[in-house]
Amino acid sequence: FNQLWTCGRTTHGVATGKVCFGVELKDKLECRSYENFGVEKHQFRVGLSSQLGDIVPGMDTLSLAIDNFGKQYVDGVGEQYFKEGTVRLNEKDKVTVAVDMDEKTVSFYRNGESLGDAIALPETLHNTTLFPTIGTRNMPFTLVTATAEGVFTPEGFTYIQDSEHKVQGPVAPESRADCEVVMMIGFPSAGKTTYVRKLVADNPDKQ
């Protein structure tokens, strides 16, 4: 289980204006390594996605993200983003994400310094509400959604919690009795993925 992605979106997103948020990386969790199987035990992604996007940021055309190794993920494709010679993200780093919905760009900063050029939002993310989205493997973090002492704020941007442009996302059920969880168990090629995709398509009101 330590190699599963842990991911989530914020409850509020943004569709207009210049809004930012941040994360502060904590000490990495030590765990068994699976690098022989091509899986990095410490991974972190931060970016934006629509409500219809994959919960792992950067995995599809409805999200955009960077990772701790310096790659950017746009339209589901990863390529180098950090400036040449820039070290990967580490513990104690503070990453700021600034999205300009008017210019349709996203900029990333580490400890107040730019990590690279602004990334243009793909057309699939135009004219929609975008939500801060984070994915992690054994890299704890603290989410920063409001300005405070010592918190870097890009010029002209407002933290999402303080922004008048923030948009409420889907509201959680009032009680656990209204919740439903579906866990798929079965042999390979038994049809689990096909079933889940159809279930999701047939129930767009469920999250």
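Residues numbered from 1 in each chain as written. Predicted model: local features only at pLDDT ≥ 70, side-chain atom pairs only at ≥ 80, totals over all residues. Heavy atoms only, no water.

Draft legend 1. Structural context of the sheet that holds strand 5 (residues 63-67). The six strands lie next to each other as 1-12-4-5-6-7, forming an open sheet whose pairing is antiparallel. Edge strands, defined here as strands with exactly one partner in the open sheet, are strand 1 (6-9) and strand 7 (77-80). Here the average twist between neighbouring strands, direction ignored, is 20 degrees. Sheet analysis places strand 4 (residues 43-49) next to strand 5, joined by five bridges and oriented antiparallel. Bridge pairing in strand 5 places Leu48 opposite Leu64. (Pairing = 2+ DSSP bridges. Helix = DSSP H or I, 4+ residues; strand = E, 2+ residues; numbered from the N terminus. Axes fitted to C-alpha atoms, helices over the stretch in contact; angles between N-to-C directions.)

Draft legend 2. Examining the pattern of salt bridges more closely. The tally for this structure, following the rule as stated, stands at five salt bridges. The residue Arg110 makes a salt bridge to Asp93 at a minimum N-O spacing of 3.3 Å. Taken as a pair, Arg110 in strand 9 (residues 105-110) and Asp93 in the loop between strand 7 and strand 8 (94-100) lie far apart in primary sequence, 17 residues in all. Asp93 matches Arg110 in its accessibility class, with the two residues each being buried. (Salt bridge = Lys/Arg side-chain N within 4 Å of Asp/Glu carboxyl O. Buried < 20%, exposed > 50% of the residue type's maximum accessible area, 1.4 Å probe, protein only.)

Draft legend 3. Here's a closer look at the state of the cysteines. Counted according to the given criterion, the structure contains zero disulfides. Its sulfur unpaired, Cys179 is 20 Å from the next cysteine sulfur, which belongs to Cys7. (Disulfide = S-S within 2.5 Å.)

Draft legend 4. Seen up close, the pairing of strand 12 (residues 131-137). When you tally the buried positions in strand 12, you get seven out of seven residues, the bulk of the element. The alternating pattern of strand 12 places Phe131, Thr133, Gly135 and Arg137 and Pro132, Ile134 and Thr136 on opposite faces, both of which are buried. One ladder, built from four bridges, connects strand 1 with strand 12; its direction is antiparallel. Bridging from a neighbouring strand, Arg9 pairs with Thr133 of strand 12. Pairing of strand 4 with strand 12 involves seven bridges; the strand directions are antiparallel. Each residue of the ladder has a partner; that of Arg45, found in strand 12, is Gly135.

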